Amino acid sequence: MPEAPSTRPQNPVIGIAFILTGVLALTLSDAFAKWLTAAYPPIQILFLRALIALPIIMGVVTALAGQQALRSRYLPIHLLRGAINIAAAACFYTGLMYLPLAENTAVAFAAPLFVTVLSVFILKETVDRHRWAAVLIGFLGVLLIVRPGADSFQPAALFPLMTALLYGAMMMTARAIGPAEGMLTTTLYIVVGQLVFSVLLIPWFWEPIQWAHLPFFLAIALCSTLGLGLITQAFRVAPASVVAPFDYSGLLWAAVLGWLFWDEIPDLLAYLGVLLIAGSGVYIALREARASRRRRAKP
């Protein structure tokens, strides 16, 4: 994500508090979704999440940025991002059906590694040896969690890996959105895209909803909306180089929630893999932030 504009007052402490709380909210949403995947297909969970969340986030965007923020000049790009997002989220939720919450989350956090690789082959960007080293270390962390060829390997581990690749592709498409488009508008259209594409698929996946499960669908929508809003606000009030590393607090939250509710305890190699993914991601984020500042400083 871009640095907050230099004309905006900077408050790193508030920004860190926002992103920590926002990431916790998103992880809670994932935990509720993991519980519901025992009874409902991922597409149905995504559809109801977007259906409930859309009016909420429209109200928030309007209150913070006015009705003009509801309009976008990049609708085709947003629709493409919506298609990629629904595929990525469906893979993530499918992974939740079979894998521990912490491991599924950790592999999905490899998305920035794919962004770095894709930027070289698609955008022809130059990546220095330090970032390549970070990418290789991050992918080593993925291998320690997935462990292809080992007795403990689960084919379901490919789902969060596909999530990371698709989220990386979605991050790449964000570069086609002009700088005049605000972060709130972009966040809104992520939810719009989820709803548009999930509603097209829902006739093939619908399962009758039990009344007792409605509060959990509502909790998923509220937590995901709150999380996106708080993370967006974190990047608005503090520099990206300060708040971006705290995105990886989601790995800690996922481990704690997995232990509390499903008695999931990753083994030592999985913990090492998580540390390698988080460390490489933080390093890449900091290098990108410094490079961005240097580009802006050039006359």
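All of these numbers come straight from a predicted model, not from anything done at the bench.

### Some thoughts on the pattern of salt bridges
Part 1 of the argument: Within the structure shown, the criterion is met by one salt bridge.
Part 2 of the argument: Among the salt bridges present, the one from Lys 34 reaches Glu 264, with a minimum N-O distance of 3.6 Å. Of this pair, Lys 34 sits in helix H1 (residues 12–36) while Glu 264 sits in the loop between helix H11 (249–262) and helix H12 (268–297); the two residues are 230 residues apart in sequence, bridging distant segments of the chain. No difference in accessibility class separates Lys 34 from Glu 264, as the two residues are buried.

### Quick notes on the packing of aromatic side chains
Part 1 of the argument: Under the defined criterion, the tally for this structure stands at eight aromatic pairs.
Part 2 of the argument: Relative to Phe 216, the ring of Trp 35 lies with its centre 4.4 Å away and its plane at 35°, an arrangement referred to as tilted. One end of the pair, Trp 35, is in helix H1; the other, Phe 216, is in helix H9 (residues 214–237), with 181 residues separating them in the sequence.
Part 3 of the argument: With centroids separated by 5.2 Å and ring planes inclined at 75°, the aromatic side chains of Phe 114 and Phe 139 adopt a geometry described as edge-to-face. A residue pair is termed long-range when its members are at least 10 positions apart, and Phe 114 in helix H5 (residues 111–121) and Phe 139 in helix H6 (residues 129–146) qualify at 25 residues.
Part 4 of the argument: Taking the relative accessible area as the measure of exposure, Phe 114 reaches 14% and is therefore buried.
Part 5 of the argument: What links up through ring pairs into an aromatic cluster is the set Phe 32, Trp 35 and Phe 216.

### Structural notes on the confidence of the model for the chain
Part 1 of the argument: Looking at the chain as a whole, the pLDDT averages 85, with 92% of positions reaching at least 70.
Part 2 of the argument: Long-range and interchain partners of residues 1–7, a stretch whose pLDDT sits below 50, account for 17 contacts in this model, where long-range means more than four residues apart.

### So, the environment of Gln 210
Part 1 of the argument: With respect to the element layout, Gln 210 can be found in the loop between helix H8 (183–201) and H9.
Part 2 of the argument: Along the primary structure Gln 210 and Ala 39 are separated by 171 residues, whereas in three dimensions their C-alpha atoms are 9.4 Å apart.

### Some points on the packing of H5 against H6
Part 1 of the argument: One can describe the packing of H5 onto H6 by two numbers: an axis separation of 9 Å at closest approach and a directional angle of 130°. It follows from the interaxial angle that H5 and H6 lie oblique. Viewed along their axes, H5 and H6 form a crossing whose handedness is left-handed. Contacts from Leu 113, Phe 114, Thr 116, Val 117 and Val 120 in H5 reach Arg 131, Trp 132, Ala 134, Val 135, Gly 138 and Phe 139 in H6.
Part 2 of the argument: Considering only residue class, the contact of H5 with H6 consists of eight nonpolar, two polar and one charged.

### Details of the nonpolar core
Part 1 of the argument: Ile 45 and Tyr 93 are the most contacted members of the largest nonpolar core, which totals 36 residues.
Part 2 of the argument: The set of elements that each furnish at least two residues to this core consists of H1, helix H2 (42–65), helix H3 (75–98), helix H4 (101–108), H8, H9 and H11.
Part 3 of the argument: In terms of residue count, H2 provides more of this core than any other element does, 10 residues in total.
Part 4 of the argument: The residues touching Tyr 93, leaving out its near neighbours within four places in the chain, are Ser 29, Asp 30, Ala 33, Thr 37, Pro 42, Ile 45, Leu 46, Arg 49 and Ile 220.
Part 5 of the argument: Counting 21 residues, the second-largest nonpolar core is a separate cluster that includes Ala 110, Val 135, Leu 251 and Val 274.

### A look at H8
Part 1 of the argument: Between the first and last C-alpha of H8 there are 28 Å, a value that for 19 residues agrees with the 27 Å anticipated at 1.5 Å per step.
Part 2 of the argument: Those residues of H8 lying buried are Leu 184, Thr 185, Thr 186, Thr 187, Leu 188, Tyr 189, Ile 190, Val 191, Gly 193, Gln 194, Leu 195 and Ser 198.

### Focus: helix H7 (residues 158–173)
An α-helical turn contains 3.6 residues, so any two residues separated by three or four positions project in the same direction.
Part 1 of the argument: In a regular helix each residue adds 1.5 Å, so 16 residues correspond to 22 Å; H7 covers 23 Å between its end C-alpha atoms and thus fits that length.
Part 2 of the argument: Among all positions in H7, only Pro 160, Thr 163, Ala 164, Leu 166, Gly 168, Met 170, Met 172 and Thr 173 are buried.
Part 3 of the argument: Next to the buried residues of H7 lie H3, H4 and H5.

### A few points about the side chain of Ser 29
Part 1 of the argument: Mapped onto the elements of the fold, Ser 29 is located in helix H1.
Part 2 of the argument: In this view, Ser 29 contacts Tyr 93, Ile 220, Cys 223 and Ser 224; residues no more than four positions away in its chain are not counted.

### Looking at the packing of H2 against H9
Describing two packed helices takes the angle between their axes plus the distance from one axis to the other.
Part 1 of the argument: Where H2 meets H9, the closest approach of the two axes is 8 Å, and the angle between their N-to-C directions is 55°. The angle between H2 and H9 falls in the class oblique. For the element pair H2 and H9, the recorded crossing hand is right-handed. Taken together, the residues of H9 that come into contact with H2 (itself represented by Ile 45, Leu 48, Arg 49, Ile 52, Ala 53, Ile 56 and Ile 57) are Phe 217, Leu 218, Ile 220, Ala 221, Leu 222, Ser 224 and Thr 225.
Part 2 of the argument: A breakdown of the residues in the contact of H2 with H9 according to their chemical character gives 11 nonpolar, two polar and one charged.

Calculation rules
- Residues numbered from 1 in each chain as written.
- Predicted model: local features only at pLDDT ≥ 70, side-chain atom pairs only at ≥ 80, totals over all residues.
- Heavy atoms only, no water.
- Salt bridge = Lys/Arg side-chain N within 4 Å of Asp/Glu carboxyl O.
- Helix = DSSP H or I, 4+ residues; strand = E, 2+ residues; numbered from the N terminus.
- Buried < 20%, exposed > 50% of the residue type's maximum accessible area, 1.4 Å probe, protein only.
- Phe/Tyr/Trp six-rings, centres within 6.5 Å; stacked < 30°, edge-to-face > 60°.
- pLDDT = per-residue confidence, 0-100.
- Contact = heavy atoms within 4.5 Å.
- Axes fitted to C-alpha atoms, helices over the stretch in contact; angles between N-to-C directions.
- Parallel < 35°, antiparallel > 145°, perpendicular 65-115°, else oblique.
- Left-handed = near helix turned anticlockwise from the far one by under 90°.
- Nonpolar A, V, L, I, M, F, W, Y, C, P; charged D, E, K, R; others polar.
- Core = buried A, V, L, I, M, F, W, Y, C linked by side-chain atoms within 4.5 Å.
- Expected span 1.5 Å × (residues − 1).

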